[in-house]
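Working through the structure, step by step
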Amino acid sequence: MPAEACWARGFLSSSAFINAEHVKQVVLIGYPFAGMWRSAAQQLARQKLDAVGKGKSGGSFPRLRQVVTYQSTANHAAASAQSVERTSELDRGSEFKSGLRFLKPSSPSLSPLDSAFVELVDLLPQCWRSSSAVDFNQDHSKPQSPLPGSDTRAYASAVEADELCDEEIDSKDEDEDDVENFPDDSHGDSALDAEACLEQKMRKKKYRELYKRQVKIETEAWQRAATEYKDLMTEMCRKSLAPNLPFAQSLLLSWFEPLRDGILEEQRAYANREHREHRSMYGPYICQLPADMLAVITMHRLMGLLMSDQEHGCVKVIHAAVVIGEAVEQEVRIFQLMNSKKKSNVAEVNTNSHGDVANEEELEATRQADLKSKKVVRDKVKKLVRQNKLRRVDSILKHASTDEPWNTVIHVKLGSRLLELMLETSFVRAPSSQDGDDFGELRPAFQHKFKNHVLRQNVNRIYGVIECDPLVLAEIDQSVRHMVMPYMPMLVKPLPWKGFYEGGYLYLKSSIMRTQGAKEQRMAVIDTPRKNMKVVVEALNVLGETGWKINKPVLDVVEKLWEAGGGIADLVEASDVPIPEKPSSADKEAWLKWKQAISQAKRTNSERHSLRCDTELKLGVANKLRDEEAFYYPHNLDFRGRAYPMHPHLNHLGNDLCRGLLTFADGKPLGPHGLRWIKIQLANLYGGSVGKMSFNDRAAFAEDHMEDILDSAERPLDGKRFWLTAEDPFQFLAACIDVRDSIASGNPETYVSHLPVHQDGSCNGLQHYAALGRDRIGAQSVNLVAGDKPCDVYSGIAERVKIIMEKDALKNPLTSRNAASARLLQGQIDRKLVKQTVMTSVYGVTFIGARMQILNRLKERSPIAVDPVDTYRAACYAAKVTLDALGEMFKEARCIMSWLGDCARIIAAAGHTVKWTSPLGLPVVQPYRKHSRHLVKTSLQVLALRNSDETHPVLASRQRSAFPPNFVHSLDSSHMMMTALACSKAGLTFAGVHDSYWTHAGDVEQMNVLLRKNFVKLYKQPILENLLLDFQTQFPDLDFPDVPARGDFDMKEVLKSPYFFN
């Protein structure tokens, strides 16, 4: 085979992006990218190419010298590559051939040089993976990981995986040095300090080990679980008895073998063409993984859903089927990447444990069709390479793969069949009788049932659920430690985002945005040029590079409290509330109260069960990461641009338990002001009125309670337990320990602290509205203006409401309909009553919503009236007065909110979705459309799939009501990302939780300066004018109202406000 054809075949075998730079790199420095050829390539570089770079031995290397000469120009490099190939056909005796003599021909018909090219192009995917030249928007349409049926090089074992890891890791560290020193090796290791060289080698070795572990975590999770089950079963057979396992694990083990055998039978039936009604649809997909892996995925996904689902002890069939189908699809991609396939056996079906294979004629037909298709593309690529039309090559290869993502119909059909097999093969034995004669009833562990859900009066909807047996439910929270969690925090820094599907995890499916199936939003991001989204992508990378570790002292305390039964420090009770016994009398009222008590007890137990499972998941992750020096959270976006960690359980966006368990991996000295900021952090975490005091008063609060703080750190469980009185007890305890350690060090300024210190916005949504409207009164209320102590907008609104009600209470109830309600509410108006309504005003809360919020707060207190109707009227009155007070305090802000809603109403009335571009260039599309139902008949039941693509009409009311809060969220995410990049450039560690910014205690003051500067920088832009122009450009036929008038507030005052974030 000619070398050129091999080159073209190599191009065809890769799903990566190709450009002229890659051709140049392969010809010039392709060998050092591959760790297996490194020593030979370096020898070649020293002996041969050094002379070329100095102009010697030109006769022996005429074409390579030309490549070196023109290496700065990509087009010349590509042309030179072709020249090298043509030369290699004519001159087999050149010294270039001798430089490649260590390569053995892969086929007797190939010359050594041809074989070299064949093996070289097989390594191109690994070369390109480490290349930083890939553009963000080069290939969004498909995941970049190799897909089933491709010719991409893969590996069959963990040993080979380790070797490839070595190649990839070493190439990252050595590429730049190899490129720079290729012609001249004058800057070698001899010029480096010996100690620095040793340190660098140790760092590389450590990173290599972490990288290998990360690859195994992502690619071998399900396989390890299946191997564990098989090993346990082997042990059982060898000893002829069941191993001493916890009940939850023994249940999973008892289900594994029957489920695996059922899946094997299903795979065998499809291979033998025994097509039942649905098998022809899901059959090709159920055969793409070994049966044991499918069994583990089905069991663990179903149990995970039962742990997290809101309905006690059951999960909707459609939800479970989709989740299981998606998990299988993802594992298929990883499994086929990690297992080697011979190129001649495309579409070969794996041999199962009984030796059955797919029909040979079908395999041969598939192989021939695939080869024919590839030959057409190969010939076209070869022709374009000769013509140096590399852009055309890129376009062809981008769409060359025929492996499309599975659609939802495939997910539900495959998931339903796996669920059905799970129902048929999973059993649980009831407890045996005490006399030993009865071994207990063997009954199904799961049942398929139908439930009736009342949507509204006279409108019901029936849906199918998988309900687990009470015995399984009782032990399900104890099975968390045996569950597979694929999306764990990473042991190495996440891959930088370079495409919609390229970034984050090394092998697990990752996307830069959570579109929830909204194709319109996904395509908007895909079609956006990289330069427009540069800041967003860089900010996501910065957030992902922040290292974390587990706070072991806090984890030890949590574990002890949890083992003792919980019920303290906001931990859920480990036990359920007792179910009331039936009344002995026939009194109807007693029976009615009993039914109400039963309903309340079941509801409470359901909530406790869900919280226990959640706590077990968090602690399970924490214990797995306990001894890691650092781990990382890949981040992606929601459709509004807010950033979230991709790991769902233990992250800094979680509750107090999560945040208390996490610290920064890298520490920094406290410096002259760090200890003061930790004291302020203690006051903030203590909560109540303490967090509303000035900074000096907050620091004084910590000083006044220093004895209690130190006692909490020294004896958290046996001492005074002062930390338990805080609103955020576990974070407070972590700060107590840091204060204790810094004081004990003898010099707090040099003490290296890992504790994250928070700076939170003051009702951040209203801060953005006040900035948009240049609203001076509103700006003062939310601390955009400097003050001696922070303003509390909730207390301010409560005072305004109180003044209005006091005036109304003086009026005559006969002439004023509000007088009676105002009198009922005397003494009831406080910060807590109005807080939720003020908070949700940013999100467009309506009068009905505000009324319900205030009514719920009033019901939590002692009754204010004998008649519930009077309480309801009082809540209506309080809601109206609260919203009026908000309108008075944030006059310009309310005008802007109304203007945003009017623009959205006009767009939605014309049948369009509301679209805009954030200040950082992120396209945002509101996904609210009417749904249609698509019925899919599965082996389990008929499922109704929701479909809401761009052809469906928009939900006009939802588009209007959601636009103001979504627009503000796109602004607060822009501010957070700008601050993240500024902190990164300044050398600060940064983590963000929407409107809460975290850094080391010693860097808080510098971060405060940066976040204020970037807030002012954000609002120097004509944001509303740009939004109106965007709308007018998108919809030139629509008439929009003018931007509302704004106040005279000077945004530069934010720079001087100490409590803007505090």
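Model, not experiment: these values are computed from the prediction. (Residues numbered from 1 in each chain as written. Predicted model: local features only at pLDDT ≥ 70, side-chain atom pairs only at ≥ 80, totals over all residues. Heavy atoms only, no water.)

The subject of this paragraph is the overall build of the protein. Regarding its fold elements, the protein presents 39 helices and 19 strands. Across the 1062 residues in the protein, those meeting the buried criterion constitute 53%. Of the contacts made within the protein by residues no fewer than 6 positions apart, 73% connect residues no fewer than 24 positions apart. (Helix = DSSP H or I, 4+ residues; strand = E, 2+ residues; numbered from the N terminus. Buried < 20%, exposed > 50% of the residue type's maximum accessible area, 1.4 Å probe, protein only. Contact = heavy atoms within 4.5 Å.)

Moving on, we come to helix H36 (residues 891-909). With 19 residues, H36 should cover 27 Å at 1.5 Å per step; its first-to-last C-alpha distance of 27 Å lies within 8% of that length. Taken together, the buried positions of H36 are Ala893, Ile896, Met897, Trp899, Leu900, Gly901, Cys903, Ala904, Ile906, Ile907 and Ala908. On its buried side, H36 packs onto helix H29 (764-773), helix H33 (831-841), helix H37 (956-985) and helix H39 (1023-1034). Following H36 by one or two positions, Gly911 adopts a phi angle in the positive range, close to 90 degrees. (Expected span 1.5 Å × (residues − 1).)

Attention now goes to the packing of H37 against H39. As a packed pair, H37 and H39 sit with axes 13 Å apart at the nearest point and diverge in direction by 120 degrees. Classified by the interaxial angle, the pair formed by H37 and H39 is oblique. Considering the relative orientation of H37 and H39, their crossing is right-handed. Of H39, the residues touching H37 (which contributes Phe963, Phe967 and Leu971) are Ile1023, Leu1024, Leu1027 and Phe1031. Here the residues of the contact of H37 with H39 sort into 7 nonpolar, no polar and no charged. (Axes fitted to C-alpha atoms, helices over the stretch in contact; angles between N-to-C directions. Parallel < 35°, antiparallel > 145°, perpendicular 65-115°, else oblique. Left-handed = near helix turned anticlockwise from the far one by under 90°. Nonpolar A, V, L, I, M, F, W, Y, C, P; charged D, E, K, R; others polar.)

For the structure on display, the rule yields 38 salt bridges. Residues Asp708 and Lys720 are paired through a salt bridge, measuring 3.5 Å at the closest nitrogen-oxygen approach. Highlighted residues: Asp708 in helix H27 (residues 706-714) and Lys720 in the loop between H27 and helix H28 (729-744), separated in sequence by 12 residues. According to the relative accessible area criterion, Asp708 is buried, its value standing at 18%. A network of salt bridges, in which partner residues are shared, links Glu266, Arg279, Arg417 and Glu420. (Salt bridge = Lys/Arg side-chain N within 4 Å of Asp/Glu carboxyl O.)

A few words now on the sheet that holds strand E10 (residues 662-664). In space, the 3 strands of this open sheet follow the order E7-E6-E10, with antiparallel pairing throughout. Either end of the sheet is taken by a strand with one partner, and the two such strands are strand E7 (631-632) and E10. As defined by bridge partners, strand E6 (residues 547-550) adjoins E10 across 3 bridges and the pair is classed as antiparallel. Bridge pairing in E10 links Ile550 to Leu662. (Pairing = 2+ DSSP bridges.)

A few words on the packing of aromatic side chains. Overall, the coordinates contain 28 aromatic pairs when judged by the stated rule. When the centroid spacing of 5.5 Å and the interplanar angle of 75 degrees are considered together, the rings of Trp591 and Trp594 count as edge-to-face. Here Trp594 and Trp591 lie together in helix H23 (residues 588-624), a separation of 3 residues that amounts to about one turn. What makes Trp591 partly exposed here is its relative accessible area of 29%. (Phe/Tyr/Trp six-rings, centres within 6.5 Å; stacked < 30°, edge-to-face > 60°.)

Here we take up the pairing of strand E17 (residues 942-947). In this sheet, E17 lies alongside strand E16 (residues 932-937) in antiparallel orientation, the contact comprising 6 bridges. Each residue of the ladder has a partner; that of Ser932, found in E17, is Asn947. Between the end of E16 and the start of E17, which pair antiparallel, lie 4 residues.

This paragraph deals with the nonpolar core. In this structure, Val793 and Phe967 are the most contacted members of the largest nonpolar core, which totals 117 residues. Top element by residues in this core is H37. It accounts for 12 residues. When near neighbours in sequence (up to four residues on either side) are disregarded, Phe967 contacts Leu772, Leu900, Trp916, Ile1023, Leu1024 and Leu1027. Of all hydrophobic cores here, the second largest spans 64 residues; its members include Leu675, Phe701, Ile709 and Ala991. (Core = buried A, V, L, I, M, F, W, Y, C linked by side-chain atoms within 4.5 Å.)

A few words now on the confidence of the model for the protein. Taken as a whole, the protein shows an average pLDDT of 76; of its residues, 71% reach a score of 70 or greater. For the stretch residues 397-402, pLDDT sits under 50, and the model shows 8 contacts to residues farther than four places along the chain or on other chains. (pLDDT = per-residue confidence, 0-100.)

Relative to the helices and strands, Ser694 resides in the loop between helix H25 (674-686) and helix H26 (695-704). Using a relative accessible area of 12% as the deciding quantity, one classes Ser694 as buried. Residues in contact with Ser694, not counting those within four places in the same chain, are Asp788, Lys789, Pro790 and Tyr1059.

Our focus in this paragraph is unusual backbone geometry. The backbone of Arg273 shows a phi angle near 60 degrees, a positive value even though the residue is not glycine. One non-glycine residue, Arg774, lies in the positive phi region at around 50 degrees. Along the chain, Arg774 turns up in the loop between H29 and helix H30 (776-781).

What follows deals with the sheet that holds strand E19 (residues 996-1000). Two strands in a sheet stick together by hydrogen bonds in their backbones, pointing the same way (parallel) or opposite ways (antiparallel). Taking strand neighbours across the sheet as the criterion, the 3 strands line up as E13-E19-E18 in an open arrangement whose pairing is antiparallel. Each having just a single partner strand, strand E13 (756-760) and strand E18 (991-993) make up the two edges of the open sheet. Taking each pair of neighbouring strands and ignoring which way they run, the sheet shows an average axis angle of 25 degrees.

Here the focus is a positive patch on the surface. Taken together, the side chains of Lys316, Arg461, Arg933 and Arg946 make up a positively charged region of the molecular surface. Since its relative accessible area comes to 36%, Lys316 is described here as partly exposed. (Patch = residues over 30% accessible without salt bridge, like charges linked within 9 Å, V, L, I, M, F, W, Y side chains within 5 Å. Areas by Shrake-Rupley, 256 points an atom, 1.4 Å probe, with all protein chains shown as cover. Lys, Arg positive; Asp, Glu negative; His and termini not counted. Charge placed at Lys NZ, Arg CZ, Asp CG, Glu CD.)

All right, on to the environment of Arg333 then. Along the chain, Arg333 turns up in helix H15 (residues 317-338). Residue class for Arg333 comes out buried when judged on its relative accessible area of 12%.

We now examine the environment of Asn856. Residue placement: Asn856 occurs in helix H34 (residues 847-859). Note on Asn856: relative accessible area 31%, which makes it partly exposed. Separated by 23 residues in the primary sequence, Asn856 and Leu833 place their C-alpha atoms 9.3 Å from one another.

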